[in-house]
Amino acid sequence: MNYFLLNFKAIFVKDIVTELRAKQVLPTMIVLGMLIVWILRIVSEAASIERTVMASAALWIAFLFAGLLVQERSFAVEQQQDCINALLLTPVDVGTIFLSKLFVNVVMLCIFEIIIVPVVLFSFQLSIPDRWPALIGVLLLGNIGISSIGTLFSATVQFSSSLLSIIVLVVLMPMMIPATFTLLLIFGAVPKELTGTGALAFVGDFNTAVGYLIAFDVVFTAAGWLLFGFVVQE
Amino acid sequence: MRRILLLITFALSLVSTWMAFTVGQVVPVEKNITFEKNIVYVHVPSAICSILCFLVLLVAGISYLVTNKPIWDYIGAASAEAALVFSTVLNAAGSIFSRPFWNTWWTPSPRLISSAILWFLCVAYLILRANIQNPRYRARICAVFGIIAFLDVPIIFITARLMTDQHIANVEFESACQRASFGLSILSVALLAALLIWLKTDILKSKAIFEKEFT
Amino acid sequence: MSTMGEIRKDNGTANAVISISGVSKAFSTRLVLNNIDLEIGGTHSVCLFGVNGVGKSTLLRIAAGLLQPDKGVVRICGHDIGREPEKAGPQLGVISHKSMVYPNLTAIENLSFFANLYGVKDGTTRIDKLLNDVGLFSYRFDRAGTLSRGLLQRLAIARALVHRPSVLLADEPFTSLDGEACRHLILVLSDFVKNNGTILMTAHDTKVGLKCCDRVIVLDNGTLILDEMTSDIDIDGFAQDYLSYARAGN
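Predicted model only: the values in this text are computed from it and were never measured. (Residues numbered from 1 in each chain as written. Chains lettered and ligands numbered in written order. Predicted model: local features only at pLDDT ≥ 70, side-chain atom pairs only at ≥ 80, totals over all residues.)

Peer 1: I'd love a proper account of the overall build of chain B, names of residues and values included.
Peer 2: A tally of helices and strands in chain B yields six helices and zero strands. Along its sequence from the N terminus, chain B presents helices and strands in the succession α-α-α-α-α-α. Per-residue burial for chain B yields a buried fraction of 43% across its 215 residues. Expressed as a percentage of contacts within chain B between residues at least 6 apart in sequence, the contacts between residues at least 24 apart total 79%. (Helix = DSSP H or I, 4+ residues; strand = E, 2+ residues; numbered from the N terminus. Buried ≥ 20, exposed ≤ 12 C-beta atoms within 10 Å, placed from the backbone. Contact = placed C-beta atoms within 7 Å.)

Below, the structure is given as structure tokens:
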């Protein structure tokens, strides 16, 4: 357990320090998220769409695209100078590498949400929901869900013959939709102003939906941990 | 063997189609409309078969990772293509049905979204496969994708239960003939799926032998 | 001088540090390595020569456990690199033509990171000594991305040696190095062998390769066509055109 924690911490710190110095992923995803929110705000005005309806869509789309961007970039740091092979040569278990990369992605998404959620509230002139701690918890669960699949498949970028990393987005998006979809539903149960009022009315219990999201996270994190070794080695 | 299977599939399909249009006419609970209601004999079996193809994809994926034998990779690729075929039929049949019934080609109801995600998963598998050149690595990553995709399938359908749904909950079968024709149509589509997977696996195997991908 | 086609096995086969048995590898339709057998005993440095694309890097990657062979087994200090990577891995240090260090971390951070992962107990002392040995002590707080090619290669060597491996696999380590950096690297490699290390390296420059190795191997068309001690070959003839030399069986 000690070795696991030491190795986990070493890889996590390395990735965070690398990103803070490189400043590649975080600024890009924050700007992307803000652009998405801004564009949808304009669209809601132009098409006279109820802004509370659009707010939830803006948050969901920004979260999905920025979330995918951070996954796709999480192995870019290892591609430089063939560092992934240096990492694989060490005695560290590939499962540990997966969990630490997953944690890095979750932290990046959390930082992203700290900025984007207030941007959405501000752009769409919404007030802070009453059950905001529950909202934070739900967003965190969503981060884990998206990162679990994203971390697993982002390692394929290094072996893909296509220069378009958008391929990873195309591959990941169908898998992530259930997780983000559930988030949308849960938003329907938590902050009233952040919900849409369309046909997709939430009929379940909030606790059921959260339990479901936890199950999603557990299943895909476990699957990713088990299967990561097959994906990352040539 | 394959010819026998082809003949049986063809015969069953003919019989189930004939039964669907004659003795097995289905009356939906909500409305009484013309021939579109018989879409259920195509729509539902396609849904069942696309899920079965995902199951084959799962088994092929796990088997490849355990045994490293290329045949499992071919079976996986073939079942992904078959899943694409049946999920296309599923979505198309659903559209054809929903137009006269709900006056729309598609609506974002939970089950329809689930069906669409299934279709996208198949397409994503094929895109992933097309973008990796190294055959061993391609086989491995597609096996992993197949396993993850199958884990996604029940999750997609459970998600549907959390929401209200315009989709018809159940089709009521009034007679044994209807139940029989429904059973036959499922059987014929399942046999067709098996045939498609078998054929495609053979094609991929022959292609690989020809290209000597694996020594 | 050996006769045409004779492959010579190392005298210490019973305790081979690097043991490559029956290794074959194909990419698409091309058979790159065909049933390669190679045994290297301790305190030897072996240089593998071959034209571009013949499979030298492939063989080294298979030896390092980074690539799975289609057939065959690689053992490092008696441990199968495929089945016991946790035992074989710590014995290996790998130098490649890419530095395998993180550009945004400083030299000392890079070495600390790898020292931590390898569980090096006296990490700080070891890193300071290594940085001194490779001549990077004054650059220790510089980010790896800002270092020149020669300095980066020194950092790569330090990274490969931080965990005190007994085997060093070096894939064209002299590529893009100037005279001074080459001399320095030759010194480091010979020190490694003097301290009971074993080296398997690839090189294009025959003069440099012959200078730092005591055994030469030539790979051609998927097989080893020459395997001799450096002292037993005609150095001038080999340095002029090693491929013809090897094919002629001299």
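Peer 1: Could you give an account of the overall build of chain A, naming the residues involved and the relevant values?
Peer 2: If you tally the helices and strands in chain A, you get nine helices and zero strands. Counting helices and strands in the order they occur from the N terminus, chain A gives α-α-α-α-α-α-α-α-α. Each of the 234 residues in chain A was classed as buried or not, and the buried ones make up 52%. The contacts of chain A with a sequence gap of at least 6 include a subset with a gap of at least 24, amounting to 85%.

Peer 1: Go over the interface of chain A and chain C, please, and point to the residues and values.
Peer 2: Tallying the contact residues gives 20 residues for chain A and 23 residues for chain C. Secondary structure elements with two or more residues in the side of chain A that touches chain C: α1 (2–22) and α5 (83–89) of chain A. For the side of chain A that touches chain C, the leading source of residues is α1 of chain A, giving eight residues. For the side of chain A that touches chain C, the residue count by class is ten nonpolar, six polar and four charged. (Nonpolar A, V, L, I, M, F, W, Y, C, P; charged D, E, K, R; others polar.)

Peer 1: Before we move on, can you summarise helix α6 (residues 94–123) of chain A with the specific residues and values?
Peer 2: Residue and element names in this part refer to chain A. When the terminal C-alpha atoms of α6 are compared, their 42 Å separation across 30 residues agrees well with the 44 Å that a helix rising 1.5 Å per residue should span. Most pronounced at E113, the bend in α6 amounts to some 30°. Backbone geometry just after α6 places Q125 at a positive phi near 55°. (Expected span 1.5 Å × (residues − 1). Bend = angle between axes of the 7 residues up to and from the residue.)

Peer 1: Describe the packing of helix α3 (residues 51–73) of chain A against helix α7 (residues 132–154) of chain A, with residues and values.
Peer 2: All names here are of chain A. Interaxial distance between α3 and α7 falls to 8 Å at its minimum, and their mutual angle equals 35°. Where α3 crosses over α7, the handedness of that crossing is right-handed. In this structure, α3 contributes G67, L68, Q71 and E72 to the contact, and α7 contributes I146, S147, G150, T151 and S154. For the contact of α3 with α7, the class distribution of residues is two nonpolar, six polar and one charged. (Axes fitted to C-alpha atoms, helices over the stretch in contact; angles between N-to-C directions. Left-handed = near helix turned anticlockwise from the far one by under 90°.)

Peer 1: Tell me what's going on with the packing of helix α3 (residues 107–118) of chain C against helix α5 (residues 149–161) of chain C, and back it up with residues and numbers.
Peer 2: All names here are of chain C. Where α3 contacts α5, the axes come no closer than 9 Å and their chain directions differ by 20°. Between α3 and α5, the interaxial angle falls into the category roughly parallel. Seen from above, α3 lies across α5 with right-handed handedness. Mapping the contact onto sequence places A107, N110, L111 and F114 in α3 and L155, A158 and R159 in α5. Class assignment of the residues belonging to the contact of α3 with α5 gives a composition of five nonpolar, one polar and one charged. (Parallel < 35°, antiparallel > 145°, perpendicular 65-115°, else oblique.)

Peer 1: So what's going on with the sheet that holds strand β5 (residues 79–80) of chain C? Which residues, and what values?
Peer 2: Residue and element names in this part refer to chain C. The strand order across the open sheet formed by four strands is β2-β1-β4-β5, and the pairing between neighbours is antiparallel. Both outer strands of the open sheet, β2 (30–40) and β5, are each paired with one neighbouring strand and no more. The sheet contact formed by strand β4 (residues 71–76) and β5 spans two bridges and is antiparallel. Across the sheet, the residue bridging to I76 is H79, located in β5. (Pairing = 2+ DSSP bridges.)

Peer 1: Tell me what's going on with the sheet that holds strand β8 (residues 198–202) of chain C, and back it up with residues and numbers.
Peer 2: Picture the strands of a sheet paired through backbone hydrogen bonds; they go either parallel or antiparallel. Residues and elements named next belong to chain C. Spatially, the six strands line up as an open sheet ordered β6-β7-β8-β3-β9-β10, and their pairing is mixed. Each edge of the sheet is formed by a strand with only one pairing partner; in this case those strands are β6 (92–95) and β10 (223–229). Each adjacent strand pair in this sheet contributes to an overall mean axis angle of 15°, direction not counted. Relative to β10, strand β9 (residues 215–220) runs antiparallel, the two being bridged by six bridges. Along β10, the bridge assignment pairs D220 with T223. Sheet strands touched by helix α6 (residues 179–194): β3 (45–49), β7 (167–171) and β8. Its angle to β8, the strand with the most contacts, is close to 145°.

Peer 1: Got a sec to walk through the pairing of β9 of chain C? Specific residues and values, please.
Peer 2: All names here are of chain C. Counting buried positions over the six residues of β9 gives five, a clear majority of the element. In this structure, β3 lies alongside β9, joined through four bridges in parallel fashion. Each bridged residue has a counterpart across the sheet, and for F49 the counterpart in β9 is V218. Between β9 and β10, which pair antiparallel in sequence order, lie two residues; one of them, N221, sits at a positive phi of approximately 55°.

Peer 1: Could you give me a rundown of the environment of S56 of chain A, with the residues and numbers involved?
Peer 2: Residue and element names in this part refer to chain A. Here S56 lies in helix α3. Accessibility expressed as a C-beta count within 10 Å gives 23 for S56, which makes it buried. Separated by eleven residues in sequence, S56 and G67 place their C-alpha atoms 16 Å apart.

Peer 1: Describe the confidence of the model for chain B, with residues and values.
Peer 2: All names here are of chain B. Mean pLDDT for chain B: 80, with 79% of residues reaching 70 or above. Within chain B, helix α1 (residues 2–21) has the poorest average pLDDT of any element, 77, and helix α2 (residues 40–67) the best, 89. Taken together, the chains of this predicted complex give a pTM of 0.85 and an interface ipTM of 0.83. (pLDDT = per-residue confidence, 0-100.)

Peer 1: How would you sum up the confidence of the model for chain A? Please name residues and give values.
Peer 2: Caution applies to low-pLDDT regions: their predicted coordinates should not be interpreted in detail. Across chain A, pLDDT averages 80, with 83% of residues at or above 70. Counting contacts from residues 189–203 of chain A, a segment whose pLDDT is below 50, to residues more than four positions away or on other chains yields 41 contacts.

Peer 1: Account for the environment of L152 of chain C, with residues named and values stated.
Peer 2: All names here are of chain C. With respect to the secondary-structure elements, L152 resides in helix α5. Looking at L152, the number of C-beta atoms within 10 Å reads 24, which means it is buried. C-alpha separation for the pair L152 and K98, spaced 54 residues apart in sequence, amounts to 9.3 Å. Setting aside its immediate chain neighbours within four residues, L152 contacts S99, A144 and L147.

Peer 1: Tell me about the pairing of β4 of chain C, residues and numbers included.
Peer 2: Consecutive side chains of a regular strand alternate in pointing toward one face of the sheet and then the other. Residue and element names in this part refer to chain C. Where strand β1 (residues 18–27) lies against β4, five bridges are found, and the strand directions are antiparallel. When the bridges of β4 are listed, S21 appears paired with V73. Two successive antiparallel strands, β4 and β5, enclose a turn made up of two residues, where C77 displays a positive phi of approximately 55°.

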